[in-house]
Amino acid sequence: MTVLTKPEVIDTIDELRNSLCLAKQNAAARGGDAHVVLVPTMGALHAGHRELVRRAVAVGDIVVVSVFVNPLQFGVNEDLDTYPRTLDADVAALAEEGAAFVFAPHAQEMYPDGASSTRLTAGAVGGLYEGAARPGHFDGMLTVVAKLLNIVEPDIAVFGQKDAQQVFLVERMVADLNLRVRIEVVPTVREDNGLARSSRNRNLDEPARTAARSLFVGLTAAAAAAHSGVPAAIVAAHAVIGAAPLVKLDYLVVVHPHTFLPVDDDYRGQARMLVAAVVGSTRLIDNISLDIP
Ligand code: AMP
């Protein structure tokens, strides 16, 4: 029988810093490495998050998973209040994956001055795609990620490719602000039918869950058509997603991996197709890499 070591659950910044300091001293006393890895999450953990934690355990020594539903990245009409909160189940899952610490602060601990506190700006790309649909979302996301990086001071932080625009903006923030952290990106974890795992999938009823699959099927069709160029890839995705019931497309775009701006029709090389749609009443996003020869 595997003996699970429950992670230490901490809700204050001071306590986390002290515990991390001790953990590093203990590791040094044992002559071991003490590379700290941070996995930022909003909880309601699923197989996608667990894969991030597995990567963290593989690349580092002391794994900190933050579970914080960050009010700063939710708009006024969004699902902040109804976002699933399942801390006990999250801690149990993290015990199985070998996380050492769960940092689960209250909003007051992270933002004692509330909405008036300092924020980062995600710049122009932060206003596109998800940022156009959710104004201020990426400013809030970068602000909390920067705070978490400063609190934990990890050597490595792990993010999921599922949120491609988030990965782009976090990597750019790390470069722009000369932060001393390496970003690891984990491929999107999917359900058996291809649907990207998401905490919001639990809001899908059966017809919506079936319809939601069209996002992945459309992206896969685009990747297969990409040898004929960007317009062919876009047409292929639209043909699938446009025909799906219950799916209200928000955006479908092919972006350059280095600028995250839309590519021209005659673009050739690596690119990424991004899609967002409201399926039933749940907003979902997904993306796929395109190789345009
Ligand atoms: P969230 O809790 O939704 O803020 O996500 C926390 C982290 O998990 C982010 O880096 C996400 O990109 C990542 N993540 C969420 N879903 C998946 C998935 N299906 N596959 C890989 N990573 C994911």
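Residues numbered from 1 in each chain as written. Predicted model: local features only at pLDDT ≥ 70, side-chain atom pairs only at ≥ 80, totals over all residues. Heavy atoms only, no water.

**Things to note about the site of the ligand**
Consideration 1: Within the structure, the ligand sits among 17 residues, and His-49, Gly-160, Asp-163, Val-189 and Arg-197 are positioned closest to it.
Consideration 2: Met-42 places a main-chain nitrogen or oxygen 2.9 Å from an oxygen atom of the ligand.
Consideration 3: Broken down by element, the shell around the ligand gets its largest block of residues, 3 residues, from helix 2 (residues 47-59).
Consideration 4: Looking at the shell around the ligand residue by residue, the class counts come to 7 nonpolar, 7 polar and 3 charged. (Near = heavy atom within 4 Å. Polar contact = N/O pair within 3.5 Å; in protein donor to acceptor, adjacent residues only side chain to side chain. Helix = DSSP H or I, 4+ residues; strand = E, 2+ residues; numbered from the N terminus. Nonpolar A, V, L, I, M, F, W, Y, C, P; charged D, E, K, R; others polar.)

**Focus on the environment of Asp-81**
Consideration 1: Mapped onto the secondary structure, Asp-81 falls in the loop between strand 3 (62-67) and helix 3 (87-97).
Consideration 2: On a C-alpha basis, the gap between Asp-81 and Pro-71 in space is 9.3 Å, while along the polypeptide they are 10 residues apart.

**Quick word on the domain arrangement of the chain**
Consideration 1: Domains assigned within the chain are domain 1 (6-184) and domain 2 (199-290).
Consideration 2: Placing the centre of domain 1 and that of domain 2 at their C-alpha centroids yields a distance of 27 Å.
Consideration 3: Each partner contributes residues to the interface: domain 1 has 21 residues there, and domain 2 has 19 residues.
Consideration 4: Contact with domain 2 buries surface across domain 1, with Tyr-129, Glu-130 and Phe-168 losing the most and accounting together for 36% of the total.
Consideration 5: Across the pair Arg-200 and Asp-79 runs a salt bridge whose closest N-O atoms are separated by 2.9 Å.
Consideration 6: Those elements giving two or more residues to the side of domain 1 that touches domain 2 turn out to be helix 5 (130-133) and helix 7 (164-176).
Consideration 7: Taken together, the residues of the side of domain 1 that touches domain 2 sort by class into 10 nonpolar, 6 polar and 5 charged. (Domains from an automatic or database assignment. Contact = heavy atoms within 4.5 Å. Buried area = accessible area lost by both parts, 1.4 Å probe. Salt bridge = Lys/Arg side-chain N within 4 Å of Asp/Glu carboxyl O.)

**Re the packing of helix 1 (residues 13-29) against helix 6 (residues 137-152)**
A pair of packed helices is characterised by two quantities: the angle between their axes and the separation of those axes.
Consideration 1: At their nearest, the axes of helix 1 and helix 6 sit 9 Å apart, and the two run at 45° to each other. When the axis of helix 1 is compared with that of helix 6, the two are oblique. Listed contacts from helix 6 to Ile-13, Leu-16, Arg-17 and Leu-20 of helix 1 are Asn-150, Ile-151 and Val-152.
Consideration 2: Tallied by class, residues from the contact of helix 1 with helix 6 come to 5 nonpolar, 1 polar and 1 charged. (Axes fitted to C-alpha atoms, helices over the stretch in contact; angles between N-to-C directions. Parallel < 35°, antiparallel > 145°, perpendicular 65-115°, else oblique.)

**Examining the pattern of salt bridges**
Consideration 1: A full pass over the atoms with the stated rule returns 13 salt bridges.
Consideration 2: In this structure, the salt-bridge partner of Glu-184 is Arg-182, at a minimum N-O distance of 2.6 Å.
Consideration 3: Residues Asp-250 and Arg-283 are paired through a salt bridge, measuring 2.9 Å at the closest nitrogen-oxygen approach. Residue Asp-250 is located in strand 7 (residues 247-255), and its partner Arg-283 is located in strand 9 (residues 282-292); the two are separated by 33 residues in the primary sequence.

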